[in-house]
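Geometric and topological summary
For reference, the chains in residue letters:
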Amino acid sequence: MEESGSITEKVFSNGDAYMGGFQGMLPHGKGKYTWSDGSVYDGCWELGKMTGEGRLVWPSGASYEGDFSGGYLHGFGVFSGSDGSIYRGVWRMNTQHGIGRKQYQNSDIYDGCWKEGVREGSGRYAWSNGNMYIGNWKDGKMCGRGVMKWFDGDLFDGYWLNGLRHGSGCYRFADGSYYFGVWTKGLKDGHGMFYPAGSKHRFLRKCSDRYDEKRKRRLSHISSSNSESVKPKVKRSFSERISYSLLKGSGSISQRTTSQREDIALDDSSRDVMACDSSSVLSQSSLDDKTEFLETGSVAYEREYTQGVLIKERIINISKLSRKSKQRRKFHAKEVKRKSCVDFLEGRKSYYLMLNLQLGIRYSVGKITPVPIREVRQSDFGDQARIKMYFPRKGSQFTPSHHSVDFYWKDYCPMVFRYLRELFKLDAADYMMSICGDDGLRELSSPGKSGSLFYLSRDDRFVIKTLKKSELKALLKMLPDYYKHVKEHENTLITKVFGVHRISLKRGKKVRFVVMGNMFCTELRIHRRYDLKGSSHGRFTNKDRVDETTTLKDLDLTYEFHMDKLLREALFKQLSLDCRFLESQNIIDYSLLLGLHFRAPENLLSLLEPPDSLHKVETNPDHVEGGISQGELSIPPRGLILVTHEPGSVSVTPGPHIRGSTLRAMSVGDQEVDLLLPGTGRLRVQLGVNMPAQANQKVMQDESASVEVELFEVYDVVLYLGIIDILQEYNMKKKLEHTYKSLQFDPMSISAIEPKTYSKRFLNFLEKVFPVEP
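Residues numbered from 1 in each chain as written. Predicted model: local features only at pLDDT ≥ 70, side-chain atom pairs only at ≥ 80, totals over all residues. Heavy atoms only, no water.

Here we look at the overall build of the chain
To keep things clear, this is the line we draw: For helices the rule is a DSSP run of H or I covering at least 4 residues; for strands it is a run of E covering at least 2, with both sets numbered from the N terminus onward. Per-residue and other accessible areas follow the Shrake-Rupley method at a 1.4 Å probe size, with only the shown protein chains counted as cover for residues.
Scanning the chain from N- to C-terminus turns up 13 helices and 38 strands. A total accessible area of about 37,900 Å² is found for the chain, and carbon and sulfur atoms account for 51% of it.

Have a look at this one:
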């Protein structure tokens with residue numbers, strides 16, 4: 001046995017060799033280890049593992065010089081790849097993780113955050129051709145808020161998803177013109193405003209300058225920082241093979257064990273490094289506000305796109321629009337204040353409510369998930385089926401400390417809702433992360449007249465709604481039958497409920513709320529939304545206040561939807577079953593929530609564009625602002641195709657839509673089908689989700705026409721639908737009857753309050769909306 005700290009040379013039976021210090025039988029101190037495959041490490045050791053500073057060289061020519069820990073590349077170091085790429089930054093267990101700079105073989109350069117070897121967080125990517133992106137990344141792709149500047153002078157400031165423009169943003173053209181609007185998967189989609197060259201946006205220019213200045217300053221800090229406090233990650237086998245080589249005389253280190261994923265990504269912990277000043281963030285609300293930033297130019301263009309195709313355009317006077325937008329904002333502010341039913345939730349208290357909600361759900365789901373699986377019992381629905389807990393700010397034996405106010409938490413029927421979540425194929429961890437993650441919840445304005453508060457999870461999977469006491473009682477009363485109905489009918493269209501809770505604050509203030517699935521959580525853009533009851537009184541929307549997010553009503557619906565015969569049969573069979581269930585619960589006044597995605601196939605461009613502009617649209621769709629023909633739309637070609645179901649190639653939309661069987665269609669021979677969308681891929685067709693149809697809209701004719709012929713515009717659409725507002729009990733009949741009489745309704749309208757009559761009227765109306773194919 002060699003003495004501690006002695007310098008000696010040892011050759012192992014497998015051909016590896018080591019020269020340096022030992023402690024007992026283990027390399028310790030400084031030393032040089034040469035593997036039989038040609039890999040060489042020269043640096044510090046600690047009890048047989050590379051720890052401290054050192055240099056590792058692989059036979060391929062790749063090398064690493066920097067910090068090691070426990071046999072891993074861990075700390076700050078420089079990796080030179082065999083392909084000529086160089087990474088200088090932070091590592092964690094053999095993986096780039098933290099802040100670093102990488103120069104690629106093709107001379108592209110990335111400065112910013114990494115996570116598990118890929119770009120994720122905030123960073124700057126400069127292409128060798130002169131393009132540059134500064135903003136957020138996820139899984140190695142541009143995702144979140146960011147600015148992209150092209151070498152030709154164009155610039156986009158807005159939101160991204162999977163490397164494509166997605167969400168609200170501003171596109172500035174090299175000639176000085178601007179487009180404020182919304183994008184979906186890289187294509188303009190929805191309403192927007194185009195300002196010709198010569199219009200000056202003082203606010204936007206100031207924000208862009210401040211945005212660039214902040215990033216230059218912070219990226220300079222990133223480049224110079226050694227960031228030793230940020231630590232990274234790699235494969236366990238790496239250290240195991242090293243230890244095995246040293247102690248057992250076999251195994252080796254090779255470049256293969258530390259191969260880096262070249263589709264690299266970034267770090268959540270560093271998201272603040274390059275956060276944009278809040279004043280430069282684009283609002284996702286009304287685009288009318290942008291008109292206030294104009295100094296010169298009195299003409300702008302309001303445009304509407306469907307998947308990159310310009311379908312409407314009108315010239316507007318900016319000064320009039322600006323005055324109108326101010327009045328509209330003032331009106332909305334008054335409406336919100338008047339309609340809020342939870343008066344004490346103002347300012348920071350609304351934030352406290354959201355934080356309390358997250359704390360409570362995390363506690364409840366974490367407590368019930370480990371309970372062994374068993375059948376749901378009758379006692380799981382009773383008054384004793386409650387979890388109660390006190391959450392003091394300082395924390396307790398059972399609850400963590402937090403930054404909200406003290407509150408009491410009550411979770412209703414936790415075992416029942418646990419099984420409901422399992423029936424809906426929701427993983428407990430995903431459920432908690434979606435609602436209780438660091439990104440928090442978004443508060444929405446109420447789309448109805450109830451005054452309820454609505455919250456939306458950041459990934460759009462769940463809607464949280466505050467309940468009145470009567471609504472809570474109605475839900476708990478129907479819960480046993482609801483559970484049975486959901487268990488027996490996997491394709492039910494009734495609102496999916498995942499939890500019911502209550503928060504109690506000081507002075508007896510109580511807030512009850514329900515967590516539901518968001519039926520509009522889909523990768524396709526919802527262009528129109530309708531709330532359909534089969535009624536006519538008051539069922540219309542003021543056209544001056546309509547935008548893409550407005551929920552329209554019965555009298556606003558101008559379409560008939562024609563579907564495949566088997567799809568329609570499945571739809572109405574389930575609608576009848578669901579209405580029968582609601583009848584049994586004496587529930588009235590429910591609605592069918594309908595979402596439409598209008599499909600504009602790429603070959604529709606040929607109907608809208610002059611022949612010489614088609615190529616320009618395909619190569620750079622953002623440069624055709626002035627080149628789109630304003631001719632009338634013809635009936636578009638088919639943009640939706642049903643194909644035989646292939647489970648392995650289907651894209652399943654995230655969210656609570658994955659439960660239920662795949663539907664069959666007559667058009668493909670009574671087989672299960674997928675929806676094929678050019679440019680999107682396959683989507684699974686389920687009841688209420690990804691359902692293809694043709695929307696027929698009757699065209700108004702000129703009164704001077706001598707021959708009366710029915711003309712229709714036909715659009716391919718994808719439908720999303722479900723039954724909502726299921727908490728209106730029959731005991732409200734007297735109240736509704738009084739209201740109906742005060743409005744001088746006829747006796748037939750009053751009789752519609754009966755549950756059976758209501759459901760019959762509801763289904764008869766839907767029969768007209770979804771007529772049988774002739």
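Let's pick the thread back up.
Examining the packing of helix α5 (residues 414–423) against helix α7 (residues 469–488)
Convention followed: Working convention: axes come from line fits to C-alpha atoms, limited for helices to the stretch in contact. Angles between N-to-C directions cover 0 to 180 degrees. We call two directions roughly parallel when the angle between them is under 35 degrees, roughly antiparallel when it is over 145, roughly perpendicular when it lies between 65 and 115, and oblique otherwise. Handedness of a crossing follows from how the near helix is turned relative to the far one, being left-handed for an anticlockwise turn of less than a right angle and right-handed for a clockwise one. Residues count as neighbours in contact if any of their non-hydrogen atoms are within 4.5 Å of one another. Here the term charged refers only to Asp, Glu, Lys and Arg, the term nonpolar to Ala, Val, Leu, Ile, Met, Phe, Trp, Tyr, Cys and Pro, and the term polar to all other amino acids, Gly among them.
Direction vectors running N to C along α5 and α7 enclose 20°, while the axes themselves pass 11 Å from each other. When the axes of α5 and α7 are compared, the pair comes out roughly parallel. With respect to the hand of their crossing, α5 and α7 are arranged in left-handed fashion. Here Val-416, Phe-417, Tyr-419, Leu-420 and Leu-423 of α5 lie close against α7, whose contacting residues are Leu-479, Tyr-482, Tyr-483, Val-486 and Lys-487. Split into classes, the residues belonging to the contact of α5 with α7 amount to 9 nonpolar, no polar and 1 charged.

Notes on the environment of Ile-724
Inspection of the secondary structure puts Ile-724 in strand β38 (residues 712–724). C-alpha of Ile-724 to C-alpha of Asp-589: the two residues are 135 residues apart in sequence and 9.4 Å apart in space. With near-sequence residues (within four places) excluded, Ile-724 lies in contact with Thr-495, Asp-531, Tyr-590, Ser-591 and Leu-593.

Digging into the packing of aromatic side chains
Rule in force here: Each pair of aromatic rings taken from Phe, Tyr and Trp, with Trp reduced to its six-membered ring, is defined by centres within 6.5 Å and is described as stacked if the planes are under 30 degrees apart, edge-to-face if over 60, and tilted in the remaining cases. Each residue's exposure class comes from its accessible area (1.4 Å probe, protein chains only) as a fraction of the maximum for that residue type: buried when under 20%, exposed when over 50%, partly exposed otherwise.
Overall, the coordinates contain 51 aromatic pairs when judged by the stated rule. Pairing Phe-79 with Trp-91 gives two aromatic rings, centres 5.8 Å apart and planes at 55°, and the pair type is tilted. One end of the pair, Phe-79, is in strand β7 (residues 72–80); the other, Trp-91, is in strand β8 (residues 86–92), and 12 residues separate them in sequence. The buried category is assigned to Trp-91, whose relative accessible area is 0%. Each ring, one from Tyr-431 and one from Phe-498, has its centre 6.4 Å from the other, and the planes form 65°; the classification is edge-to-face.

Focus on the nonpolar core
Note the cut-off: For the purposes of this section, nonpolar cores are sets of buried Ala, Val, Leu, Ile, Met, Phe, Trp, Tyr and Cys residues that join through side-chain atoms within 4.5 Å.
Ranked by internal contacts, the top residues of the largest apolar core, which has 113 residues, are Tyr-482, Phe-561, Leu-571, Leu-719 and Phe-770. In terms of residue count, helix α4 (residues 348–368) provides more of this core than any other element does, 9 residues in total. When residues no more than four places from it in sequence are discounted, the contact partners of Phe-770 are Phe-561, Met-563, Arg-568, Leu-571, Phe-572, Leu-592, Leu-594, Leu-719 and Leu-721. Residues Tyr-41, Leu-56, Trp-91 and Phe-194 belong to the second largest nonpolar core, which totals 35 residues.

Some remarks on helix α6 (residues 428–436)
Put simply, the test is: Arc, as used here, means the arc of the directions from the helix axis to the C-beta atoms. Polar contacts here mean pairs of N or O atoms no more than 3.5 Å apart (in protein, one a potential hydrogen donor and the other a potential acceptor; neighbouring residues in sequence count only if both atoms are side-chain atoms).
Taken residue by residue, α6 has Tyr-431, Ser-434, Ile-435 and Cys-436 as its buried positions. Along the axis of α6, the buried positions cluster into a sector of 165°, meaning they face one direction only. For α6, the N-terminal capping position is held by Asp-427, with its side-chain oxygen 3.0 Å away from the main-chain nitrogen of Ala-429.

Overview of the side chain of His-562
Here His-562 is to be found in strand β30 (residues 559–562). Relative accessible area serves as the criterion here: at 13%, His-562 is assigned to the buried category. A polar atom in the side chain of His-562 sits 3.2 Å from the side chain of Asn-696. Apart from the residues within four sequence positions on either side, His-562 is in contact with Ala-693, Gln-694, Asn-696, Pro-771 and Glu-773.

Re the pairing of strand β15 (residues 164–172)
This is how the line gets drawn: The criterion for strand pairing is that DSSP finds at least two bridges linking the strands in question.
Here strand β14 (residues 155–161) runs beside β15; their pairing, made up of 6 bridges, is antiparallel. Counted as the bridge partner of Gly-158 is Gly-169 from β15. The antiparallel hairpin formed by β14 and β15 contains 2 residues in its connecting segment, where Asn-162 sits at a positive phi of about 55°. Bridging between β15 and strand β16 (residues 178–184) involves 6 bridges; their strand directions are antiparallel.

A look at the sheet that holds strand β24 (residues 454–457)
A sheet is described by the order of its strands in space; here 7 strands give the open sequence β21-β22-β26-β27-β25-β24-β23, paired in antiparallel fashion. Two strands in the sheet have a free side with no partner beyond their single neighbour: β21 (386–391) and β23 (441–444). Sheet twist, expressed as the average angle between the axes of neighbouring strands with direction ignored, equals 25°. Looking at chain direction, strand β25 (residues 462–467) and strand β27 (residues 510–517) are connected through 6 bridges and run antiparallel. Considered in β27, the bridge of Ile-464 is made with Val-515.

Comments concerning the pairing of β27
Burial analysis of β27 places 7 of its 8 residues in the buried class, the great majority of the element. Taken together, strand β26 (residues 497–504) and the strand that follows it, β27, pair antiparallel across an intervening segment of 5 residues, in which Arg-507 is found at a positive phi of about 65°.

Considering the confidence of the model for the chain
The condition that has to hold: pLDDT expresses how confident the predictor is about each individual residue, on a scale running from 0 to 100.
For the chain, the average pLDDT comes to 75, and 69% of its residues sit at 70 or higher. Here residues 221–296 scores under 50 on pLDDT; set against residues more than four positions off or in separate chains, the count is 230 contacts. Low pLDDT (under 50) marks residues 331–347, which in the prediction has 20 contacts with non-local residues, meaning those over four places away or in another chain.

Focus on the packing of α7 against helix α8 (residues 565–584)
At a closest axis distance of 11 Å, the pairing of α7 and α8 adopts a crossing angle of 160°. Between α7 and α8, the angle falls in the class roughly antiparallel. Handedness of the crossing formed by α7 with α8: right-handed. On α8, the residues touching Met-478, Asp-481, Tyr-482 and His-485 of α7 are Gln-574, Leu-577, Asp-578 and Phe-581. Class assignment of the residues belonging to the contact of α7 with α8 gives a composition of 4 nonpolar, 2 polar and 2 charged.

Some points on the pattern of salt bridges
When the charged atoms of two side chains lie near each other, side chains of opposite charge can form a pair. To keep things clear, this is the line we draw: Any Lys or Arg side-chain nitrogen located within 4 Å of an Asp or Glu carboxyl oxygen qualifies as a salt bridge.
Taken as a whole, this structure holds 18 salt bridges when the rule is applied. With a closest N to O distance of 2.7 Å, Asp-157 and Arg-145 form a salt bridge. With Asp-157 in strand β14 and Arg-145 in strand β13 (residues 141–149), the pair connects residues that are 12 residues apart, well separated along the chain. Here Asp-157 and Arg-145 have matching classes, each one buried. Of the charged contacts in the structure, one is a salt bridge between Asp-380 and Arg-374, with a shortest N-O distance of 3.0 Å. Classification of Asp-380 by relative accessible area gives buried; the value is 8%. The network of salt bridges with common partners includes Arg-101, Asp-111 and Arg-124.

Considering helix α13 (residues 755–769)
Put simply, the rule is: By definition here, a helix of n residues has an expected span of 1.5 Å times n minus one.
Between its terminal C-alpha atoms α13 stretches 21 Å, which fits the 21 Å expected from 15 residues at 1.5 Å a residue. Those residues of α13 that sit buried are Pro-755, Tyr-758, Ser-759, Phe-762, Leu-763, Phe-765, Leu-766 and Val-769. Mapping the buried residues of α13 onto a view down its axis gives an arc of 160°, with all of them on the same face. Structural note: α13 exposes Lys-756, Lys-760 and Lys-768 on the side pointing more than 90 degrees away from its buried face. Taken together, the buried residues of α13 touch β28 (528–532), β30, α8 and β31 (591–599).

Regarding the environment of Asn-317
Secondary-structure assignment places Asn-317 in strand β20 (residues 309–317). For the pair formed by Asn-317 and Tyr-301, sequence separation is 16 residues and the distance between their alpha carbons is 8.9 Å.

Let's talk about unusual backbone geometry
Notably, Asp-670 is not glycine yet its phi reads approximately 60°, a positive angle. Mapped onto the elements of the fold, Asp-670 is located in the loop between β34 (664–665) and β35 (671–677). Judged by its relative accessible area of 44%, Asp-670 falls in the partly exposed class. Phi at Asn-690 is positive, roughly 60°, even though this residue is not glycine. Of the residues examined, Asn-690 reaches a relative accessible area of 2% and is grouped as buried.

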